[in-house]
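Fold and contact review
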Amino acid sequence: MGKPLNSLMWLVRSSVMVMILIGLLGLWRTGEQWNQRLSSITAWFQAPQPEPEVDARTLILQQVRGVSELTTAVLSMESVVPTHLDRTLGTYVIGTTRLLYIAHGEVRAGLDLSQLTQDNITIQGDTVQIQLPPPVILDRKIDVERSQIYDYDRGFLGLGPHAAAELQTLAQRETLDDLVDAACDHQLLEQANERAITVLSQLLETTQTYSSVSIQTQSPSPDACPISFDQPLGNTQ
């Protein structure tokens, strides 16, 4: 009885050891597979990110638009503007008020760069080309501190109407129209185009990004001269 029992116990122990070895081998293989999977997941998260891409046209557009309204030409002018207003009785003029106004004004011409879009910018290699909007009259103002009423006369017996404020406003508005006419006569818009090329070329060349900068201008629009403004009067800046 002793020997068969011992043989049976040895067989059971051997079977248990074999099962343990098989189990350990399975765990080792499973662990190895898990480590491989974990390494794959870690590598996926640690994969190098793509390099950021820069839209050069957007950067140039933001840089140029930062200038906003680019004033490249200014014309200052002094003018003497006579005005008058009649007082009537029926169809007869019984008195006339005359006002002589000496006006100092200024008109600014340049480019409204807010109209610039990415379609106006072309990049070829290290050369950038920009198509500018047409030049416009950006502003016109009267320096009311330097301007003055030179003469005010209500005529014989003072029969002309009390109209100092009305005639002064009329003189100022006439001056604003004269400013635009003078700007057009002196080709201020064309000068604005020429100077815009210089200013923007220097602005873009300071970035040292492009070896060549080409700036193209447009002719003033047909309705740019003359132009009619309906704006409040004010001081020049």
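Residues numbered from 1 in each chain as written. Predicted model: local features only at pLDDT ≥ 70, side-chain atom pairs only at ≥ 80, totals over all residues. Heavy atoms only, no water.

Our focus in this paragraph is a nonpolar patch on the surface. A cluster of nonpolar side chains, contributed by Leu89, Tyr92 and Ile94, occupies part of the molecular surface with about 360 Å² of accessible area. Along the chain, Tyr92 falls in strand 2 (residues 92–112). In this structure Tyr92 comes out as exposed when scored by relative accessible area, which is 62%. (Patch = residues over 30% accessible without salt bridge, like charges linked within 9 Å, V, L, I, M, F, W, Y side chains within 5 Å. Areas by Shrake-Rupley, 256 points an atom, 1.4 Å probe, with all protein chains shown as cover. Salt bridge = Lys/Arg side-chain N within 4 Å of Asp/Glu carboxyl O. Helix = DSSP H or I, 4+ residues; strand = E, 2+ residues; numbered from the N terminus. Buried < 20%, exposed > 50% of the residue type's maximum accessible area, 1.4 Å probe, protein only.)

Counting residues in each nonpolar core, the largest one holds 21 residues, and the members touching the most others are Leu75, Tyr101, Val107, Ala109, Ile137, Ala183 and Leu188. Going through the elements one at a time, strand 1 (69–89), strand 2, strand 5 (136–142), helix 3 (164–185) and helix 4 (188–205) are the ones with two or more residues in this core. Element by element, the count of residues in this core is highest for helix 3, at 6 residues. Beyond its immediate sequence surroundings of up to four residues, Leu188 is in contact with Ala73, Val74, Leu75, Val107, Ala109 and Ala183. With 13 residues, the next largest nonpolar core counts Leu70, Leu113, Ile121 and Leu200 among its residues. (Core = buried A, V, L, I, M, F, W, Y, C linked by side-chain atoms within 4.5 Å. Contact = heavy atoms within 4.5 Å.)

Moving on: the environment of Gly158. Mapped onto the secondary structure, Gly158 falls in the loop between strand 6 (148–153) and helix 3. Judged by its relative accessible area of 26%, Gly158 is partly exposed. Taking C-alpha positions, Gly158 is 7.4 Å from Gly95, a pair spaced 63 residues apart along the chain.

Okay, the pattern of salt bridges next. Overall, the coordinates contain 3 salt bridges when judged by the stated rule. When the shortest N-O distance is used, the salt bridge between Asp139 and Arg108 registers 3.9 Å. Separated by 31 residues along the polypeptide, Asp139 in strand 5 and Arg108 in strand 2 bring together distant segments of the chain. A relative accessible area of 13% places Asp139 in the buried class. With a closest N to O distance of 3.5 Å, Asp139 and Lys141 form a salt bridge. Taking the relative accessible area as the measure of exposure, Lys141 reaches 22% and is therefore partly exposed. Where salt bridges share partners, they join Arg108, Asp139 and Lys141 into one cluster.

Looking now at helix 4. Along its 18 residues, helix 4 runs 26 Å from first to last C-alpha, staying within 8% of the 26 Å computed at 1.5 Å per residue. What helix 4 keeps buried is the set Leu188, Leu189, Ala192, Asn193, Ala196, Leu200, Ser201 and Leu204. (Expected span 1.5 Å × (residues − 1).)

These results come straight from atomic positions and should not be treated as a statement about function.
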